[in-house]
Amino acid sequence: MGDVMSGAVGQTSSGTPGSDSRKLSEENVALRISWEMRRRGWSQERMAHELTKAGCATHQSAISKIVNPKPDGSRRLISVDEAIALARVFEIPLEELPLPPEAAEGRDLHELSRTVTHEGRKAKVQHALFLLAWARLRHRLSQDENRAHYEQFLTQRRISPEEASRAAKVWRDRSSWREATVTHHRLERTLQALGTGRDFTPPTRDARERHSVVADLLRARELFAERIPGTPVRVVPDLVHHFAQTLIRADLLESVAPVIDAYARGTAHPVDEVVAHIDQRLQEIIEREPQNRADQLESLAARIGVRGKGHETPEQQARSAAELGVNLEDYQTARHLGDVYGESGTR
């Protein structure tokens, strides 16, 4: 199984210099194995099986001799190969293996915090798809003929006409719709404060730089003006799902629902009205009276976005800034604010 590890996961205590620290490390490794097995609900047989899968053939009896000390307190030696396999199975750095048990609790809490942010991001995506489907339903039920079909379907299944009519109204209720949309925005702000969970940066409650709607409007414009018209009908629903959160942040779900619903049912739909609506929103941002620097940069970002310059070299950026009558620093800041390519993946 490899040479016996010295130092961190070394030999049992023998009275030689440094033996106390080695014994402490061995004890920690044994405690860590027991802790990890208990946390996962693994038996000694399962632990041996996992080590074997990780490339270090191990028998259950070996695990027993490691975690259960002899009457004199000594334990079975751990080889280098076994230590490497243990770190691999537990998904921890090798140097953490001989640390005191508190280190395992600390990592467990960190991993739990990563689970919180990971599940939160999944919940945000699912909530966006929930709103996307609801927007389609509200659009369909806004038409008298469709509403009649829906209510008739329910009454044929022994639902009273009053209850059927009430059900249609519930789906179209604007206050419930707005509350569900606000919930998505709140979850997004919460996750921004919690961070990504991908590194060791702790969460913060500090005020975050406000999100610019310009970036989302420009991404949505790219989606409807450029990508959807050139995409096969059957592929568009998946494409729209990718942009669901963008459409929610830009408050566009209701206005784009007719297009989304048509493609979801396998029929192409004109996008001119959607593009015109987005252009109108951008123009309103350009023309509004700025209240602060953030408003000024957002207006400039909209002006840059509607020009559709795409990738620019530093020299081209300097020329564009001059054409718009702004300094280069503001131009670059605003361009970053309204980054068209940030979510769509276009390059």
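Residues numbered from 1 in each chain as written. Predicted model: local features only at pLDDT ≥ 70, side-chain atom pairs only at ≥ 80, totals over all residues. Heavy atoms only, no water.

## Re the overall build of the protein
Piece 1. The secondary structure content of the protein amounts to 16 helices and zero strands.
Piece 2. Per-residue burial for the protein yields a buried fraction of 37% across its 347 residues.
Piece 3. Taking contacts inside the protein between residues at least 6 apart in sequence as the whole, the part at least 24 apart equals 68%.
Piece 4. Accessible surface, the protein as shown: approximately 20000 Å² in total, 51% of it carbon and sulfur. (Helix = DSSP H or I, 4+ residues; strand = E, 2+ residues; numbered from the N terminus. Buried < 20%, exposed > 50% of the residue type's maximum accessible area, 1.4 Å probe, protein only. Contact = heavy atoms within 4.5 Å. Areas by Shrake-Rupley, 256 points an atom, 1.4 Å probe, with all protein chains shown as cover.)

## Overview of the side chain of Arg249
Piece 1. Looking at the element boundaries, Arg249 is found in helix 11 (residues 244-249).
Piece 2. Within the local environment of Arg249, its side chain forms a polar contact with the side chain of Glu188, the two groups lying 2.9 Å apart. (Polar contact = N/O pair within 3.5 Å; in protein donor to acceptor, adjacent residues only side chain to side chain.)

## Quick word on the environment of Leu223
Piece 1. Inspection of the secondary structure puts Leu223 in helix 9 (residues 213-227).
Piece 2. Judged by relative accessible area, which is 0%, Leu223 ranks as buried.
Piece 3. For the pair Leu223 and Val236, spaced 13 residues apart in the sequence, the C-alpha separation amounts to 9.9 Å.
Piece 4. The residues contacting Leu223, other than those within four sequence positions of it, are Ile228, Pro229, Leu239 and Phe243.

## Regarding the packing of aromatic side chains
Piece 1. Tallying each qualifying case throughout the model produces three aromatic pairs.
Piece 2. Ring geometry for Trp134 against Trp171: centres 6.3 Å apart, planes inclined by 80°, an arrangement best described as edge-to-face. Note that Trp134 is positioned in helix 5 (residues 101-141) and Trp171 in helix 7 (residues 161-172), a separation of 37 residues in sequence.
Piece 3. Considering the side-chain rings of Trp134 and Trp177, the 5.5 Å spacing of their centres and the 90° angle between planes classify their relative orientation as edge-to-face. Of this pair, Trp134 sits in helix 5 while Trp177 sits in helix 8 (residues 174-194), and the two are 43 residues apart along the sequence. Trp177 matches Trp134 in its accessibility class, with the two residues each being buried.
Piece 4. Through successive ring pairs, a cluster of aromatic residues spans Phe130, Trp134, Trp171 and Trp177.
Piece 5. For Arg40, the ring lying beneath its charged end belongs to Trp42, and the centroid distance is 5.2 Å. (Phe/Tyr/Trp six-rings, centres within 6.5 Å; stacked < 30°, edge-to-face > 60°. Lys NZ or Arg CZ within 6 Å of the ring centre and 35° of its normal.)

## Quick notes on the nonpolar core
Piece 1. Ranked by internal contacts, the top residues of the largest apolar core, which has 44 residues, are Phe224, Ile228, Leu247, Leu252 and Leu253.
Piece 2. Sequence-distant contacts of Leu247, defined by excluding residues within four places in its chain, comprise Ala220, Phe224, Val240, Leu252, Leu253, Val256 and Ile260.
Piece 3. In this structure, Leu51, Cys56, Ile66 and Ile78 belong to the second largest nonpolar core, which totals 22 residues. (Core = buried A, V, L, I, M, F, W, Y, C linked by side-chain atoms within 4.5 Å.)

## A closer look at the packing of helix 5 against helix 12 (residues 253-264)
Piece 1. Where helix 5 meets helix 12, the axes come as close as 8 Å, and the angle between the chain directions of the two elements is 90°. By the angle between their directions, the pair helix 5 and helix 12 is classed as roughly perpendicular. Of the residues in helix 12, those in contact with Leu131, Leu132, Ala135, Arg136, Arg138, His139 and Arg140 of helix 5 are Leu253, Glu254, Ala257, Pro258, Ile260, Asp261 and Ala264.
Piece 2. Here the residues of the contact of helix 5 with helix 12 sort into eight nonpolar, one polar and five charged. (Axes fitted to C-alpha atoms, helices over the stretch in contact; angles between N-to-C directions. Parallel < 35°, antiparallel > 145°, perpendicular 65-115°, else oblique. Nonpolar A, V, L, I, M, F, W, Y, C, P; charged D, E, K, R; others polar.)

## Quick word on the packing of helix 6 (residues 144-155) against helix 7
For any two helices packed against each other, one specifies the crossing angle of their axes together with the interaxial distance.
Piece 1. Helix 7 packs onto helix 6 with a crossing angle of 135° between their chain directions and a minimal axis gap of 9 Å. The orientation of helix 6 with respect to helix 7, classified from their angle, is oblique. Pair helix 6 / helix 7 crosses with right-handed handedness. Here Arg147, Tyr150, Glu151, Leu154 and Thr155 of helix 6 come into contact with helix 7, specifically with Pro161, Ala164, Ser165, Ala167, Ala168, Trp171 and Arg172.
Piece 2. A per-class count over the contact of helix 6 with helix 7 returns seven nonpolar, two polar and three charged. (Left-handed = near helix turned anticlockwise from the far one by under 90°.)

## Describing the pattern of salt bridges
Piece 1. Summed over the entire model, instances satisfying the criterion amount to 29 salt bridges.
Piece 2. Ionic pairing is found between Glu50 and Arg46, a salt bridge with its closest N-O pair at 2.7 Å. Taken together, the residues Glu50 and Arg46, both in helix 2 (residues 44-53) and four residues apart, mark about one turn of the helix.
Piece 3. In this structure Glu50 comes out as buried when scored by relative accessible area, which is 11%.
Piece 4. Assessed through its relative accessible area of 37%, Arg46 is described here as partly exposed.
Piece 5. A salt bridge links Arg288 to Asp295, with the nearest nitrogen and oxygen atoms 3.7 Å apart.
Piece 6. Overall, Arg288 belongs to the partly exposed group, its relative accessible area being 32%.
Piece 7. Each of Arg32, Glu36, Arg39, Arg40 and Asp108 takes part in salt bridges that share partners, so that together they form one network. (Salt bridge = Lys/Arg side-chain N within 4 Å of Asp/Glu carboxyl O.)

By themselves these figures say nothing about function.
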